[in-house]
Amino acid sequence: MTTNASSLPAKTGKVYLVGAGPGDPGLITLRGKYLLEHAEVVVYDYLANPKLLGYVPKDAQLIYAGKKGGGLHAFTQEGINRLLVDHAKRGQMVVRLKGGDPFIFGRGAEEIEELVAEGIDFEVVPGVTSATAAATYAGIPITHREYTASVAFVTGHEDPTKKFSNISWDKLATAAGTIVVYMGIKTLPSITRKLIDHGRSPDTPVAVVRWASTPQQRSVVGTLATICEVVQQADIKPPALIIVGEVVKLRSTIDWFEKRPLFGRRIVVTRTREQASDLVAQLEEQGAEVLEYSTIHIEPMDDCRVVDAAIAEIGSYQWLLFTSINAVTHFFRRLFALGHDSRLLAGIKIAVVGRATADEVGKYGVKPDLLPEKFTGEGLAEALLQTGVQGSRILLPRALRASELLPEMLTDAGAQVTIAPVYRNVPPPGPKEELRDQLLEGSIDLVTFTSSSTVTNFLALIDAADDGELHRLLDRAAIAAIGPITAETIREHGLPVDIQPERYTIGDMVQAIVAHYRNLAPQAG
């Protein structure tokens, strides 16, 4: 029996309300991440970290439905409800990504009620709510057996259409040991007055935390009597949480997030997007806010005749050299495309420029024979010269354009070097006006470079008209270079190098950055 496609039942859509957490993208649940990875439509909020959208399939539809307050809404709540219903009725898998937890002052229940009324299937995935995150990331336990065993979550922004408040301030003021107020910055004077009028001591400690769990987090502390003035002087604006209670006293002991060595530092990473993850993760682990501006796009060679010919006679080479992770990736990709595997390399010695490159080679089941003490092309050449390379045939798969120092040193020593381009570096498309603006206003603390190519392409990216404009753009930002060759390229453009590790690895570079800022005077504010 043949089934006609038109007779098959229509695909049933479903809506998933997913809590995005307080801001740190690492705090989303595994279930939430899984649903984002399989979504067809994502409707997301102002408070949901944009990095979470990196989990979404490239062909999914992204719809911004943010609410910033002050009437600046991309959609009304009714419009959001209609979006969810319409896309689900089209048979699509819809993720409604909401900051914090959907059911804690998030209007998630209202959206679900609309789905139920329309007969739409749904699921709710909880998220880490801003109250617990703000307290934890500010170093404040919202409960503590020596201070309080009760906590209350309160909104500072009730439905303006209601005639009467649902909050019994006369009972709440002294009933809960800790009170956490969401969305209360604009009504802070009224909140503190009500708490004091109903019996809470004016000396009760209060903390206000803005953009909790993110690199932009700012925390201030006062009392019920003083916190309004403290917030005004610090210019704290929404989104922020208010924490009232004796537990706030523990902040001076437990505060951890804002004490990380790179907290508050804005650092530009110029590495290729595919390779930036390790550097970004290590910088963020130390508290930095990382801005990714990929300056290199890696493309395979259109003409592979040189490397193909070398692979065809691979047995005639004594050494195979790798000077980058990209060289490893694209060489083996070509090796496999020609129908071979790593067994073809039996009998040839392999040398790598550094530990990261050695790890990449190891992914193909190959253990390098030579790893130099100094992780540079010159260091690799010096290590090879010590083995005696006169008369040896050496294969060097690499970028189309790269430093000639390594092959020249080997050739001068009597080796026969075949340079086989396996990839090329090209600048990524698109202007970066935002980057220029951030540099000019001095909001970037550090720019990192991991190769000469990143330097050259970064300077092309910011498109300085002359040396004067170049210095105006970069004079207020420090510069870090991973090694001496990269540093030399930076200096050739008349720029200083402020940070350079002794060993040329990502980990050592991050540690050098941390040491640099630890040696500076503490940041003001």
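The structure this text deals with has already been given above.
Residues numbered from 1 in each chain as written. Predicted model: local features only at pLDDT ≥ 70, side-chain atom pairs only at ≥ 80, totals over all residues. Heavy atoms only, no water.

## Let's talk about the overall build of the protein chain
- The helix and strand tally for the protein chain stands at 19 helices and 19 strands.
- If one aligns the C-alpha atoms of the protein chain with their principal axes, the spans along those axes are about 90 × 80 × 50 Å.
- By residue count, 49% of the 525 residues in the protein chain fall in the buried class.
- In the protein chain, the share of contacts with a sequence separation of at least 24, taken over all contacts with a separation of at least 6, comes to 68%.
- Only carbon and sulfur atoms are counted for the fraction: they give 51% of the accessible area of the protein chain, which is about 25700 Å².
- Averaging the locations of the 53 positively and 62 negatively charged side chains of the protein chain gives two centres separated by 4 Å. (Helix = DSSP H or I, 4+ residues; strand = E, 2+ residues; numbered from the N terminus. Buried < 20%, exposed > 50% of the residue type's maximum accessible area, 1.4 Å probe, protein only. Contact = heavy atoms within 4.5 Å. Areas by Shrake-Rupley, 256 points an atom, 1.4 Å probe, with all protein chains shown as cover. Lys, Arg positive; Asp, Glu negative; His and termini not counted. Charge placed at Lys NZ, Arg CZ, Asp CG, Glu CD.)

## Considerations on the pattern of salt bridges
- Per the counting criterion, the structure on display carries 30 salt bridges.
- Across the pair Arg 265 and Asp 445 runs a salt bridge whose closest N-O atoms are separated by 3.7 Å. Pair noted here: Arg 265 is in the loop between α8 (251-254) and β11 (266-269) and Asp 445 is in the loop between α15 (433-440) and β18 (446-449), with a separation of 180 residues, a long-range link. Each member of the pair Arg 265 and Asp 445 is classed as buried.
- Bridged by salt links that share partners, the residues Arg 82, Asp 86, Lys 89, Glu 114 and Glu 118 form one connected network. (Salt bridge = Lys/Arg side-chain N within 4 Å of Asp/Glu carboxyl O.)

## Examining the sheet that holds strand β14 (residues 319-322)
- Pairing is mixed across the open sheet formed by five strands, whose spatial order is β13-β17-β16-β14-β15. Where the open sheet ends on each side, the last strands, each with one partner, are β13 (297-300) and β15 (349-352). Averaged over all pairs of adjacent strands, the angle between their axes in this sheet comes to 25°, without regard to strand direction.
- Against the sheet, helix α11 (residues 325-337) makes contact with β13, β14, β16 (393-399) and β17 (416-426), and its axis sits at roughly 100° relative to β17, the strand it touches most. (Pairing = 2+ DSSP bridges. Axes fitted to C-alpha atoms, helices over the stretch in contact; angles between N-to-C directions.)

## Some thoughts on the sheet that holds strand β4 (residues 93-98)
- Strands sit in the order β3-β2-β4-β1-β5 across an open sheet of five strands; the sheet is parallel. Both edges of this open sheet fall to β3 (61-64) and β5 (121-125), since each of them pairs with a single strand only. The sheet shows a mean angle of 15° between the axes of neighbouring strands, taken without regard to direction.
- Relative to β5, strand β1 (residues 14-19) runs parallel, the two being bridged by five bridges. Residue pairing for β5: Leu 17 is matched across the bridge by Val 124.

## Quick look at the packing of aromatic side chains
- This structure, assessed with the given rule, holds 15 aromatic pairs.
- Arranged with centres 5.5 Å apart and planes meeting at 65°, the rings of Phe 322 and Phe 331 form a pair that is edge-to-face.
- Given a relative accessible area of 0%, Phe 322 falls into the buried group.
- With relative accessibility at 0%, the residue Phe 331 sits in the buried group.
- Ring centres 5.9 Å apart and planes at 50° place the aromatic pair Phe 336 and Tyr 364 in the tilted group. Residue Phe 336 is located in helix α11, and its partner Tyr 364 is located in the loop between α12 (355-362) and α13 (377-387); the two are separated by 28 residues in the primary sequence. (Phe/Tyr/Trp six-rings, centres within 6.5 Å; stacked < 30°, edge-to-face > 60°.)

## Some thoughts on the nonpolar core
- If you look at the biggest cluster of nonpolar residues, it comprises 28 residues, and the most contacted ones within it are Leu 320, Phe 322, Phe 331, Phe 332, Leu 345 and Leu 395.
- Taken together, the elements giving at least two residues each to this core come down to α10 (305-312), β14, α11, β15, α12, β16 and β17.
- If you tally residues by element for this core, the top one is α11, at five residues.
- When residues no more than four places from it in sequence are discounted, the contact partners of Leu 395 are Ala 310, Ile 314, Tyr 317, Trp 319, Leu 320, Leu 321, Phe 331, Thr 418 and Ala 420.
- Within the second largest apolar cluster, 24 residues are counted, among which are Leu 188, Ile 191, Val 220 and Val 244. (Core = buried A, V, L, I, M, F, W, Y, C linked by side-chain atoms within 4.5 Å.)

## Observations regarding the packing of helix α9 (residues 277-285) against helix α19 (residues 506-518)
- At their nearest, the axes of α9 and α19 sit 10 Å apart, and the two run at 30° to each other. Our classification of the angle between α9 and α19 gives roughly parallel. Considering only the axes of α9 and α19, their crossing is right-handed. Residues Asp 278, Leu 279, Gln 282 and Leu 283 of α9 lie in contact with α19, whose contacting residues are Ile 506, Gly 507, Val 510 and Ile 513.
- Classifying every residue of the contact of α9 with α19 by side-chain character gives five nonpolar, two polar and one charged. (Parallel < 35°, antiparallel > 145°, perpendicular 65-115°, else oblique. Left-handed = near helix turned anticlockwise from the far one by under 90°. Nonpolar A, V, L, I, M, F, W, Y, C, P; charged D, E, K, R; others polar.)

## Considering the pairing of strand β19 (residues 478-481)
- Covered by surrounding structure in β19 are Ala 478 and Ala 480 together with Ile 479 and Ala 481, the residues of both alternating faces.
- The pairing of β18 with β19 spans four bridges and is classified as parallel. Counted as the bridge partner of Thr 448 is Ala 480 from β19.

## Here we look at a nonpolar patch on the surface
- A surface patch of nonpolar side chains, about 320 Å² in accessible area, is lined by Phe 105, Val 151, Phe 153 and Met 183.
- Within the secondary structure, Met 183 sits in the loop between β7 (178-182) and α6 (188-197).
- Residue Met 183 is classed as partly exposed on the basis of its relative accessible area of 42%. (Patch = residues over 30% accessible without salt bridge, like charges linked within 9 Å, V, L, I, M, F, W, Y side chains within 5 Å.)

## Observations regarding helix α14 (residues 405-412)
- Within α14 the residues assigned to the buried category are Leu 406, Pro 407, Met 409 and Leu 410. In a view along the axis of α14, the buried residues occupy a sector of 160°, so they form one face of it.
- Looking at the buried positions of α14, the neighbouring elements they touch are β14, α13, β16 and β17.
- Looking one or two places after α14, you find Gly 414, whose phi comes out positive at around 100°. (Arc of directions from axis to C-beta.)

## Some points on the side chain of Asp 445
- Given a relative accessible area of 19%, Asp 445 falls into the buried group.
- A polar contact of 2.7 Å, which involves the side chain of Asp 445, links it to the backbone nitrogen of Arg 266.
- When neighbours within four sequence positions are excluded, Asp 445 is seen to be in contact with Gly 264, Arg 265, Arg 266, Ala 477, Ala 478 and Tyr 517. (Polar contact = N/O pair within 3.5 Å; in protein donor to acceptor, adjacent residues only side chain to side chain.)

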